[in-house]
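Observations on the model geometry
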Protein chains: 2
Amino acid sequence: MSEKQIKDEQRHKKKMKKQKKKIDAGIASAIEERGVIILLTGDGKGKTSSAFGMIMRALGYGYRVGVVQFIKGEQLSGEELFLKNVLPEVDFYQMGTGFTWDTQDRAGDIEAAVKTWSVVEPMLSDQSYHLVVLDEITYMLSFKYLDEKRVVNALTARPSNQSVVLTGRGGGAAIREIADTVSEVKEVRHAYNFGIKARKGVDY
Amino acid sequence: MSEKQIKDEQRHKKKMKKQKKKIDAGIASAIEERGVIILLTGDGKGKTSSAFGMIMRALGYGYRVGVVQFIKGEQLSGEELFLKNVLPEVDFYQMGTGFTWDTQDRAGDIEAAVKTWSVVEPMLSDQSYHLVVLDEITYMLSFKYLDEKRVVNALTARPSNQSVVLTGRGGGAAIREIADTVSEVKEVRHAYNFGIKARKGVDY
């Protein structure tokens, strides 16, 4: 065996040992039970609806749920009507009419975002909430309407039993970094691009 | 102006005219109102939960919903408990214990799949259903447990007001082709890979 071959073999063994250690550690730690941060991002259809599906999941076990929606117009969509009318036990707050994409009123938007955040913070420090959904929050970070550090701090300091779902396209790298699970919903095709109107009871 | 510049300008004008025509056609045809087929695929977290979020959306308007789940174990997950206990008005069917990944009983699996499909077909021809969810159906096609042509025919022949959500990794190209909207949920990161157990009320 040449000197090079010996070195290669040693390198390989070392690598495998490291790999085994990593896998063993993975198996050992797979017993960790705690709440998670889930980020649903990307340009495809299904982020908000997925968050709402998780609400149903948590409610199925009788867990307490909080839902806060950033960037929402005046008209309630189907899932929002359902929350308000059928599930009054869910704590539900919308940034609402204080904000629209069209206001062009940066100061007013920031005020609305900060006011909405003041509803979120108490939820993130209350362990009675099993699940907290922060719908469309990523925009608040990319527009710099909310302080990223403050949001990250509140998320990481939350009770360990609590899970949080964050939705929205893009969003800060900081949030992506602290998320336990990140799914990117990619638009492969959308009916809208084929002239089909958004469908009531499906798209909104 | 040189001959080349003239040609470039003509080419540009032609291109813009074509673009305008395309956009105008898009606006004109964007008035089409009908049910859609939505395929939620990919390896990331959020496909089934997204389908369940759309159930909430449809129920918010009081629409009738049918839910059929392929590949499901014996234990009910949170969203299934919620459907059974809180939303008995939703027609809900599970392939159930007749099938598991571990049975290794191909004939038995096919029988269960075909039996389940016999529940789906009447829904797909009943216009009283605004939304039909076929959870994990793509596996039935990739395993060839269901006849792809039969599934595609039933989907395309459905009442025009009805929307259908199909979920599952992979799945046949034929289904992908007839879907109006296709979202691919890409796993960027998953808590499981960091030793964190699936979370009750969030993951199931």
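Refer to the structure above for everything that follows.
In this text the structure is predicted, and so the values were computed from the model without any measurement.

1. Remarks on the overall build of chain A
A count of helical and extended segments in chain A gives seven helices and six strands. Out of the 204 residues in chain A, the part that is buried amounts to 48%. The contacts of chain A with a sequence gap of at least 6 include a subset with a gap of at least 24, amounting to 76%.

2. A closer look at the packing of helix H2 (residues 47-60) of chain A against helix H3 (residues 78-86) of chain B
Direction vectors running N to C along H2 of chain A and H3 of chain B enclose 75 degrees, while the axes themselves pass 6 Å from each other. By the angle class used here, H2 of chain A and H3 of chain B are roughly perpendicular. Two secondary-structure elements touch here, H2 of chain A through Met56, Arg57, Leu59 and Gly60 of chain A and H3 of chain B through Gly78, Glu79, Leu81 and Phe82 of chain B.

3. As for the side chain of Gln69 of chain B
All names here are of chain B. Here Gln69 is to be found in strand S2 (residues 64-69). Taking relative accessible area as the criterion, Gln69 reaches 0% and is therefore assigned buried. For Gln69, the contacting residues outside a window of four places in its chain are Thr48, Phe52, Glu80, Phe92, Tyr93, Gln94, Met95 and Asp135.

4. Description of the interface of chain A and chain B
Each partner contributes to the interface: chain A provides 64 residues, whereas chain B provides 64 residues. For the pair chain A and chain B, the summed buried area comes to about 5700 Å², and 57% of that belongs to carbon and sulfur atoms. Of all residues in chain A, Met56, Arg57 and Arg199 of chain A give up the largest surface area on contact with chain B, accounting jointly for 15% of the area buried on that side. Between the two partners, chain A and chain B, sit four salt bridges. The salt bridge involving Lys197 of chain A is made with Glu33 of chain B; its shortest N-O contact spans 4.0 Å. Summed over the shared surface of chain A and chain B, the result is 38 residue pairs in polar contact (both at pLDDT 80 or more). Looking at the side of chain A that touches chain B, the elements that each hand over two or more residues are helix H1 (3-29), strand S1 (37-41), H2, helix H3 (78-86), strand S4 (129-135), helix H7 (173-178) and strand S6 (181-189) of chain A. The dominant element in the side of chain A that touches chain B, judged by the number of residues it contributes, is H2 of chain A, at twelve residues. Residue composition of the side of chain A that touches chain B, grouped by class: 27 nonpolar, 20 polar and 17 charged. Sheet topology places S6 of chain A next to strand S6 (residues 181-189) of chain B; seven bridges connect them, and they run antiparallel. What sits directly across from Lys186 of chain A, in S6 of chain B, is Glu184 of chain B.

5. Here's the deal with the pattern of salt bridges
Residue and element names in this part refer to chain A. The tally for this structure, following the rule as stated, stands at 18 salt bridges over all chains. Of the charged contacts in the structure, one is a salt bridge between Asp180 and Arg34, with a shortest N-O distance of 2.8 Å. Of this pair, Asp180 sits in the loop between H7 and S6 while Arg34 sits in the loop between H1 and S1; the two residues are 146 residues apart in sequence, bridging distant segments of the chain. With relative accessibility at 11%, the residue Asp180 sits in the buried group. Judged by relative accessible area, which is 22%, Arg34 ranks as partly exposed. Members of the salt-bridge network, linked through shared partners, are Glu32, Arg34 and Asp180.

6. As for the nonpolar core
Counting residues in hydrophobic clusters, the biggest one holds 46 residues, and the most contacted among them are Val67 of chain A together with Val67 of chain B. Beyond its immediate chain neighbours, meaning those up to four positions away, Val67 of chain A contacts Phe52, Ile55, Leu83, Val90, Asp91, Phe92, Tyr93, Met123 and Val133 of chain A.

7. What about the sheet that holds S1 of chain A?
With mixed pairing, the twelve strands of this open sheet are ordered in space as S3(A)-S2(A)-S4(A)-S5(A)-S1(A)-S6(A)-S6(B)-S1(B)-S5(B)-S4(B)-S2(B)-S3(B). Of all the strands in the sheet, the pair left with one neighbour each is strand S3 (91-94) of chain A together with strand S3 (91-94) of chain B. Strand-to-strand twist of the sheet, defined as the mean angle between neighbouring strand axes without regard to direction, takes the value 15 degrees. The sheet contact formed by S1 of chain A and S6 of chain A spans four bridges and is parallel. Residue pairing across strands places Ile38 of chain A opposite Thr181 of chain A, the latter belonging to S6 of chain A. Packed onto the sheet, H3 of chain A meets strand S2 (64-69) and S3 of chain A and runs at close to 135 degrees relative to S3 of chain A.

8. Digging into the pairing of S2 of chain B
All names here are of chain B. Counting buried residues in S2 gives five out of six residues, a clear majority hidden from the surface. With six bridges joining them, S2 and strand S4 (residues 129-135) adopt parallel strand pairing. Bridge pairing in S4 places Val67 opposite Val133.

9. Side note on the packing of H2 of chain A against helix H2 (residues 47-60) of chain B
Closest axis-to-axis distance for the H2 of chain A/H2 of chain B pair is 6 Å, and the angle between their directions is 85 degrees. Relative to H2 of chain B, H2 of chain A is oriented roughly perpendicular. Facing Thr48, Ser49, Ser50, Phe52, Gly53, Met54, Ile55, Met56 and Arg57 of chain A of H2 of chain A, the residues of H2 of chain B in contact are Thr48, Ser49, Ser50, Phe52, Gly53, Met54, Ile55, Met56 and Arg57 of chain B. Across the contact of H2 of chain A with H2 of chain B, the residue classes break down as eight nonpolar, eight polar and two charged.

Definitions and cut-offs
- Residues numbered from 1 in each chain as written.
- Chains lettered and ligands numbered in written order.
- Predicted model: local features only at pLDDT ≥ 70, side-chain atom pairs only at ≥ 80, totals over all residues.
- Heavy atoms only, no water.
- Helix = DSSP H or I, 4+ residues; strand = E, 2+ residues; numbered from the N terminus.
- Buried < 20%, exposed > 50% of the residue type's maximum accessible area, 1.4 Å probe, protein only.
- Contact = heavy atoms within 4.5 Å.
- Axes fitted to C-alpha atoms, helices over the stretch in contact; angles between N-to-C directions.
- Parallel < 35°, antiparallel > 145°, perpendicular 65-115°, else oblique.
- Buried area = accessible area lost by both parts, 1.4 Å probe.
- Salt bridge = Lys/Arg side-chain N within 4 Å of Asp/Glu carboxyl O.
- Polar contact = N/O pair within 3.5 Å; in protein donor to acceptor, adjacent residues only side chain to side chain.
- Nonpolar A, V, L, I, M, F, W, Y, C, P; charged D, E, K, R; others polar.
- Pairing = 2+ DSSP bridges.
- Core = buried A, V, L, I, M, F, W, Y, C linked by side-chain atoms within 4.5 Å.

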